[in-house]
Amino acid sequence: MKTPCLLTKPKAEDSFGITLAPLFLEEIYTKADDPANGAVVVMSGMVRNQTDGKAVVALEYQAYEPMALQVFYQIAADIRSQWPDVNRVVIYHRIGRLKIGEISVLVAVGCPHRSEAFAACQYAIDTLKHNAPIWKKEHWQDGSSSWVSIGACEQEC
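Along each chain, residue indices are assigned from 1 in the same order as the chain's sequence is written. Since the coordinates come from a predicted model, pLDDT governs what is reported: local features require at least 70, and pairs of side-chain atoms require 80 or more to be given and counted, while whole-chain, interface and lining totals use all residues. To get the side-chain values, all heavy atoms of the structure are used, and hydrogens and water are removed first.

### Examining the overall build of the chain
Going by this rule: Working definition: helices are DSSP H or I runs of at least four residues, strands are E runs of at least two. Numbering for both runs from the N terminus. Only protein chains enter the accessibility calculation, which uses a 1.4 Å probe; a residue is then buried when its area is under 20% of its type maximum, exposed when over 50%, and partly exposed in between. Whether two residues are in contact is decided by their heavy atoms, any of which lying within 4.5 Å being enough. Every accessible area reported is derived by Shrake-Rupley at a probe size of 1.4 Å, with residue values counting cover from the shown protein chains alone.
Within the chain, the secondary structure is distributed over four helices and nine strands. Reading the secondary structure of the chain in the N-to-C direction produces β-α-β-β-β-α-β-β-β-α-β-β-α. The burial tally for the chain puts 44% of its 157 residues in the buried class. Partitioning the contacts of the chain with sequence separation of at least 6, the portion at a separation of at least 24 is 74%. A total of about 9000 Å² of accessible surface is found on the chain, and carbon and sulfur atoms cover 53% of it.

### A few points about the side chain of arginine 80
Note that arginine 80 resides in helix H2 (residues 65-82). When neighbours within four sequence positions are excluded, arginine 80 is seen to be in contact with Lys11, Glu13, Asp14, Val86, Asn87, Arg88 and Val89.

### Observations concerning the nonpolar core
The condition that has to hold: Nonpolar cores were defined as sets of buried Ala, Val, Leu, Ile, Met, Phe, Trp, Tyr and Cys residues, with membership established by side-chain atoms within 4.5 Å.
Counting 35 residues, the largest nonpolar core has Phe16, Phe72, Ile79, Val86 and Ile91 as the members making the most contacts within it. Residue contributions to this core peak at eight residues, all from H2. Those residues within four positions of isoleucine 79 in sequence are excluded, and the remaining contacts are Pro84, Val86, Val89, Ala120, Tyr123 and Ala124. Counting residues in hydrophobic clusters, the runner-up holds nine residues, among them Leu23, Ala32, Val90 and Ala108.

### Let's talk about the packing of aromatic side chains
What counts is decided by this rule: Centre distance within 6.5 Å is the pairing criterion for rings of Phe, Tyr and Trp, where only the six-membered ring of Trp is used; planes under 30 degrees apart are then read as stacked, over 60 as edge-to-face, and the remainder as tilted. Two thresholds decide whether a charge sits over a ring: the Lys NZ or Arg CZ must be within 6 Å of the ring centre and within 35 degrees of the ring normal.
This model, assessed by the stated rule, comprises two aromatic pairs. Over the face of the ring belonging to tryptophan 140 we find lysine 54, whose NZ or CZ atom lies 4.4 Å from the ring centre.

### Thoughts on the pattern of salt bridges
Charged atoms that come close allow side chains of opposite charge to pair. Definition in use: Salt bridges are defined by distance alone: a side-chain nitrogen of Lys or Arg within 4 Å of a carboxyl oxygen of Asp or Glu.
A complete count under the given rule lists four salt bridges for this structure. The residue arginine 80 makes a salt bridge to glutamate 13 at a minimum N-O spacing of 3.9 Å. Within this pair, whereas arginine 80 is found in helix H2, its partner glutamate 13 is found in the segment before strand E1 (15-19), the two being separated by 67 residues in sequence. What makes glutamate 13 partly exposed here is its relative accessible area of 33%. A salt bridge links arginine 80 to aspartate 14, with the shortest nitrogen-to-oxygen separation between them at 2.5 Å. Residue arginine 80 is found in helix H2, and its partner aspartate 14 is found in the segment before E1; the two are separated by 66 residues along the sequence. The same class applies to arginine 80 as to aspartate 14, namely buried.

### Things to note about the sheet that holds strand E5 (residues 88-94)
To keep things clear, this is the line we draw: A pair of strands is labelled paired if DSSP reports no fewer than 2 bridges between them. In this analysis an axis means a line fitted to C-alpha atoms, helices contributing only their contacting stretch, and an angle means the value between N-to-C directions, from 0 to 180 degrees.
What the four strands build is an open sheet, ordered E1-E5-E7-E2; its pairing is mixed. Because the sheet does not close on itself, it has two edges, and the strands there are E1 and strand E2 (39-46). Adjacent strand axes in the sheet meet at a mean angle of 5° when their direction is disregarded. Summarising the sheet, E5 and strand E7 (residues 103-111) pair through six bridges and their orientation is antiparallel. Bridging from a neighbouring strand, isoleucine 91 pairs with valine 107 of E7. Here helix H3 (residues 114-131) sits on the sheet and contacts E2, E5 and E7; the angle it forms with E7, its principal contact strand, is near 145°.

### Remarks on the environment of valine 42
With respect to the secondary-structure elements, valine 42 resides in strand E2. Considered as a pair, valine 42 and valine 90 are 48 residues apart in the sequence and their alpha carbons are 9.1 Å apart. When neighbours within four sequence positions are excluded, valine 42 is seen to be in contact with Leu25, Tyr29, Leu106, Val107, Ala108 and Cys121.

### Some points on a nonpolar patch on the surface
For clarity, the threshold we go by: The patches described consist of residues with a relative accessible area above 30% and no salt bridge, like charges being joined within 9 Å and nonpolar side chains (Val, Leu, Ile, Met, Phe, Trp, Tyr) within 5 Å.
There is a patch of nonpolar side chains on the surface, built from Tyr64, Met67, Trp135 and Trp147 and spanning about 450 Å² of accessible area. A relative accessible area of 42% places tryptophan 147 in the partly exposed class.

Taken by themselves, the reported measurements are silent on function.
So this is what it looks like as structure tokens:
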């Protein structure tokens with residue numbers, strides 16, 4: 001008999017989301033803030049105007065939301081296992097078409113000490129990019145577009 005898949009449940013103090021709506025630093029920072037924090041580290045990923053010297057006009061993100069959220073929950077559980085003092089983990093990713101300069105992903109970690117907050121935040125974004133079922137399509141200035149190999153595929157392709 002096959003064992004049922006155990007789903008990771010998020011902690012009430014953490015916050016996660018996949019959204020079509022714009023992301024705002026202040027909102028994510030507030031979600032990560034806690035009186036016991038000595039540091040909140042925020043990583044903001046945004047749409048840049050070029051890739052490898054080729055002009056980009058927009059990015060389009062798609063996600064398999066239920067699985068992506070489970071990946072976010074697992075990232076938070078892993079962070080709490082490795083850095084037990086972490087108070088808050090916040091991960092939000094946008095989907096849809098984004099223009100140059102728009103924020104595509106925000107990760108914030110609140111913790112008593114900055115070194116753990118930095119390490120946990122880097123772990124979160126790196127793991128998200130490798131494990132979350134979120135796909136990116138680059139739209140080029142010449143009118144063409146292409147899906148980008150991201151995450152684990154980057155190492156295999």
